[in-house]
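Geometric and topological summary
Below are the chains, spelled out letter by letter.
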Amino acid sequence: LPEDTLVLPSHGLPYRGLEARLDQLIRHHDERLATALAVTRSGAATGRDVMVAMFGANVAVAQMHFAIGESLSHLRYLMSEGAVQRRVRADGVQLYAATGAAARPAAAD
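Residues numbered from 1 in each chain as written. Predicted model: local features only at pLDDT ≥ 70, side-chain atom pairs only at ≥ 80, totals over all residues. Heavy atoms only, no water.

It is worth spelling out the pattern of salt bridges at this point. With the rule as written, the count across this model stands at two salt bridges. Linking Arg32 and Glu70 is a salt bridge whose minimum nitrogen-to-oxygen distance equals 3.9 Å. A residue pair is termed long-range when its members are at least 10 positions apart, and Arg32 in helix α1 (residues 18–40) and Glu70 in helix α3 (residues 61–80) qualify at 38 residues. The exposure class assigned to Glu70 is partly exposed, which follows from its relative accessible area of 27%. Here Arg89 ties to Asp91 by a salt bridge, and the two come within 2.8 Å at their closest N and O atoms. A residue is classified by how much of its surface remains accessible, and Arg89, at 34% relative accessible area, is partly exposed. Asp91 sits in the exposed class, given a relative accessible area of 54%. (Salt bridge = Lys/Arg side-chain N within 4 Å of Asp/Glu carboxyl O. Helix = DSSP H or I, 4+ residues; strand = E, 2+ residues; numbered from the N terminus. Buried < 20%, exposed > 50% of the residue type's maximum accessible area, 1.4 Å probe, protein only.)

Laid out in structure tokens, this is it:
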């Protein structure tokens, strides 16, 4: 699209410069993936551990669903890339551990 195309987002104000915004979103996603991967290097990280690293320990109750969902989505992506593996403890808690394999960078272009 041309750089001056008006973007009408579902929330927030209209803007121009879609390409720059997409670049920002990709960088943000890559930063979140790096955070999730770093937490899993402990070898026994829970989804909550990743959520706290990504969003802080004081996530508002109203936002908890979104925060844990995004955290688990990033873990699933890392699992699909072979960078993280999951195991389930006897009590049903899911633990995530980095495998040492490099995750493929987020989609570019």
